[in-house]
Amino acid sequence: MTDKFWISPSQIDTFNDCPRSWWFRYARKMPVEEKQEQFDYGNVLHEAAERWLKADDRGYDESGKPVDIFPKGWASKVNSDQAKHIKELLELGIKEGVLRRLPDRQVEVWMKHPVGVGNVWIRGVIDQLGREVIEDHKTTSSRRWALGKKKLRQDNKMLSYAWWEWKRHPERDVFRLRLNYFNKKELEVWEVTTPVTALELQRWEQDILLPTATDMQRYTEVEDHDWEKVEGPRVKDACKKYN
């Protein structure tokens, strides 16, 4: 039995910017120097949001007690100012309905599905999945970097989640995508929502997912000494990490 070859939405982004950068990092497993602290803020916020979402509609956890979204040690990976800001952001998000508990929700849902190319499978984690909505939480340092509705309809991560739902529910014609934004620099939260149709997902599958997975699988066969055979940057400065 052939082992599954796993890809992710972020790998699709990397590959479409620079196949060679993807090859170095994912096919050849070369390490990339990244500062862990740049991920800690988002991870701590996500974990607290997850605790709140997993409570029932009355706000009680599995033990029947009011959910504590900020338990002892919850902010051990961030400094005190960051912890204070995260707490204020989440409280504001709940108050304004940006962070909300969907009916029949599933929280932190693993998406795993064969792509349809050889042994390639795609996987990822959906922050909250409802009957009609696919949600993801995002931290950002500015509205400048946030996706609008048009860009959201082109986002590989959210489209892959909607594609998975389409594969599971082919009778549905429309899927709603929603990003919940939390500003790391200001006390500001907002949401961006847009529909995506089954036809759009079919086009994404044909134009992006299948060709990318095909090229990825082909490039995994390239040996180290032939690295120049892997296509270089498609976007300016996309390969800076590996010169």
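Everything quoted here is computed from the prediction, not taken from an experiment.

1. Points about the pairing of strand β6 (residues 189–197)
No. 1: In the sheet, strand β5 (residues 174–183) pairs with β6 via 9 bridges, with the strands oriented antiparallel. In the strand pairing of β6, Phe182 is matched with Val189.
No. 2: Linkage of β5 to β6, two consecutive antiparallel strands, is achieved through a turn of 5 residues.

2. Comments concerning the nonpolar core
No. 1: Judged by nonpolar contacts, the single largest core of 42 residues is most densely connected at Ile7, Val115, Ile122, Ile134 and Leu209.
No. 2: Of the residues forming this core, the biggest block, 8 residues, is contributed by helix α7 (residues 198–219).
No. 3: Apart from the residues lying within four places of it in its own chain, the contact partners of Ile122 are Trp6, Ile7, Ser8, Pro9, Ile12, Met111, Lys112, His113, Val115, Ser160, Trp163 and Leu209.
No. 4: Within the second largest apolar cluster, 22 residues are counted, among which are Trp52, Leu92, Val107 and Val189.

3. Looking at helix α2 (residues 19–27)
No. 1: By the burial criterion, the buried members of α2 are Pro19, Arg20, Ser21, Trp22, Trp23 and Phe24.
No. 2: Looking at the buried side of α2, the elements it contacts are β1 (5–7), α1 (9–17) and α7.

4. A look at the packing of helix α3 (residues 37–54) against helix α4 (residues 80–96)
No. 1: Taken N-terminus to C-terminus, the directions of α3 and α4 make an angle of 40°; their axes are 10 Å apart at the nearest point. Of the possible angle classes, the one that applies to α3 and α4 is oblique. When you trace α3 past α4, the crossing you get is right-handed. Where α3 abuts α4, its residues Tyr41, Val44, Leu45, Ala48, Ala49 and Trp52 lie against Gln82, His85, Ile86, Leu89, Leu90 and Ile94.
No. 2: Across the contact of α3 with α4, the residue classes tally to 10 nonpolar, 2 polar and no charged.

5. Quick notes on unusual backbone geometry
In most cases, non-glycine residues show a negative phi, while peptide bonds are predominantly trans.
No. 1: The phi dihedral of Lys29 is positive, around 60°, even though this residue is not glycine.
No. 2: Its place among the elements puts Lys29 in the loop between α2 and α3.
No. 3: For Lys29, a relative accessible area of 63% corresponds to the exposed category.
No. 4: With a phi angle near 55°, Asp104 is a residue other than glycine that sits in the positive phi range.
No. 5: When you line up the elements, Asp104 lands in the loop between α4 and β2 (106–114).

6. Description of the packing of aromatic side chains
No. 1: In total, this model carries 9 aromatic pairs according to the counting rule given.
No. 2: Seen in terms of ring centroids, Phe15 and Tyr219 are 6.0 Å apart; in terms of plane orientation they differ by 40°. Their pairing is tilted. Placement of Phe15 in helix α1 and of Tyr219 in helix α7 is noted, with a sequence separation of 204 residues between them. Like Tyr219, Phe15 is buried.
No. 3: Aromatic ring contacts, followed pair by pair, group Phe5, Phe15, Trp22 and Tyr219 into a single cluster.
No. 4: We note Arg101 situated over the ring of Trp52; from NZ or CZ to the ring centre the distance is 3.7 Å.
No. 5: One residue, Lys112, lies across the ring of Trp110, its end atom 5.3 Å from the ring centre.

7. As for the side chain of Thr140
No. 1: Summarising the element assignment, Thr140 is placed in strand β4 (residues 133–140).
No. 2: Residue classification places Thr140 among the buried residues on the basis of a relative accessible area of 6%.
No. 3: Only 2.9 Å separates the side chain of Thr140 from the backbone oxygen of Ser142, close enough to count as a polar contact.
No. 4: Filtering out sequence-adjacent residues up to four positions away, Thr140 remains in contact with Trp145, Ala146, Tyr181, Phe182, Asn183, Lys184, Lys185 and Trp190.

8. What about the environment of Ala146?
No. 1: Here Ala146 shows up in the loop between β4 and α5 (149–152).
No. 2: The spatial distance from the C-alpha of Ala146 to the C-alpha of Tyr181 is 7.8 Å, given a sequence separation of 35 residues.
No. 3: If near-sequence neighbours (up to four positions away) are discounted, Ala146 is found in contact with Thr140, Tyr181 and Trp190.

9. Quick look at the pattern of salt bridges
No. 1: Following the criterion strictly, the structure yields 18 salt bridges and no others.
No. 2: The salt bridge involving Glu205 is made with Lys167; its shortest N-O contact spans 2.9 Å. You can see Glu205 sitting in helix α7 and its partner Lys167 sitting in helix α6 (residues 156–168), a full 38 residues away along the chain.
No. 3: Accessibility expressed as a relative area gives 8% for Glu205, which makes it buried.
No. 4: Here Lys167 falls in the partly exposed class, since its relative accessible area comes to 34%.
No. 5: A network of salt bridges, in which partner residues are shared, links Arg100, Glu135, Arg178 and Glu191.

About the cut-offs
Residues numbered from 1 in each chain as written. Predicted model: local features only at pLDDT ≥ 70, side-chain atom pairs only at ≥ 80, totals over all residues. Heavy atoms only, no water. Pairing = 2+ DSSP bridges. Helix = DSSP H or I, 4+ residues; strand = E, 2+ residues; numbered from the N terminus. Core = buried A, V, L, I, M, F, W, Y, C linked by side-chain atoms within 4.5 Å. Buried < 20%, exposed > 50% of the residue type's maximum accessible area, 1.4 Å probe, protein only. Contact = heavy atoms within 4.5 Å. Axes fitted to C-alpha atoms, helices over the stretch in contact; angles between N-to-C directions. Parallel < 35°, antiparallel > 145°, perpendicular 65-115°, else oblique. Left-handed = near helix turned anticlockwise from the far one by under 90°. Nonpolar A, V, L, I, M, F, W, Y, C, P; charged D, E, K, R; others polar. Phe/Tyr/Trp six-rings, centres within 6.5 Å; stacked < 30°, edge-to-face > 60°. Lys NZ or Arg CZ within 6 Å of the ring centre and 35° of its normal. Polar contact = N/O pair within 3.5 Å; in protein donor to acceptor, adjacent residues only side chain to side chain. Salt bridge = Lys/Arg side-chain N within 4 Å of Asp/Glu carboxyl O.

Everything listed is a geometric property; what it means functionally is a separate question.
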